[in-house]
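# Tertiary structure, described
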Amino acid sequence: MNVKNRRMAQGLVTGAVLLGFVGATPAYAEGSWSSYISSWTPGSESRRWVDNNTDSVSTSVSFSGCSSDGGTGFRQAGLKVWKDVLGPDDDKGTRTNTCNSVSWGDLASGEYYFELWSVTSGGVLSVNSVTTRY
Ligand SMILES: [Ca+2]
């Protein structure tokens, strides 16, 4: 490689790094959204989000301010992430959220949502703050 081509290659690398940096969100994930949950029962589904898998961030769902209608109060919620595909959706696994943050690893590109699979105690869940990162 002569000097001129080497300089061009370095310029391309620098440009790619800058683009990656500018595209990053403050959460250092390619995307995130925040919302809340009001009186969900098992089977309730979150909004959909599109993960383009342009980074290696683990998909996570963070809860704070959790309550449920059972006699012993909120203990935990089972959350299942689904990949929305043609035909039966692809089960990415269930995590137990105890009003903290749970993650599913670096998922492939696709459209995703989570479903409330179970709640203890009681059967109705509310969460003041829900943040999903991907
Ligand atoms: Ca990602």
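Right, let's walk through the structure included here. These numbers were taken from a predicted model, which means no experiment stands behind them.

## Description of the packing of aromatic side chains
For the structure on display, the rule yields 7 aromatic pairs. For the ring pair W33 and F114, a centre distance of 6.3 Å and an interplane angle of 5° mean the geometry is stacked. With W33 in strand β1 (residues 32-40) and F114 in strand β7 (residues 110-120), this pair connects stretches of sequence that are 81 residues apart. Take W33: its relative accessible area is 8%, and that puts it in the buried class. Between W82 and W117, the aromatic rings sit 6.4 Å apart at their centres with planes inclined by 55°, giving tilted as the arrangement. Taken together, the residues W82 in strand β4 (residues 76-83) and W117 in strand β7 connect sequence positions 35 residues apart. A residue is classified by how much of its surface remains accessible, and W82, at 15% relative accessible area, is buried. On the accessibility criterion, W117 (43% relative accessible area) is partly exposed. The cationic tip of K80 hangs over the ring face of W82; the distance from NZ or CZ to the ring centre is 5.6 Å.

Here is what the cut-offs are and how they apply
- Residues numbered from 1 in each chain as written.
- Predicted model: local features only at pLDDT ≥ 70, side-chain atom pairs only at ≥ 80, totals over all residues.
- Heavy atoms only, no water.
- Phe/Tyr/Trp six-rings, centres within 6.5 Å; stacked < 30°, edge-to-face > 60°.
- Helix = DSSP H or I, 4+ residues; strand = E, 2+ residues; numbered from the N terminus.
- Buried < 20%, exposed > 50% of the residue type's maximum accessible area, 1.4 Å probe, protein only.
- Lys NZ or Arg CZ within 6 Å of the ring centre and 35° of its normal.

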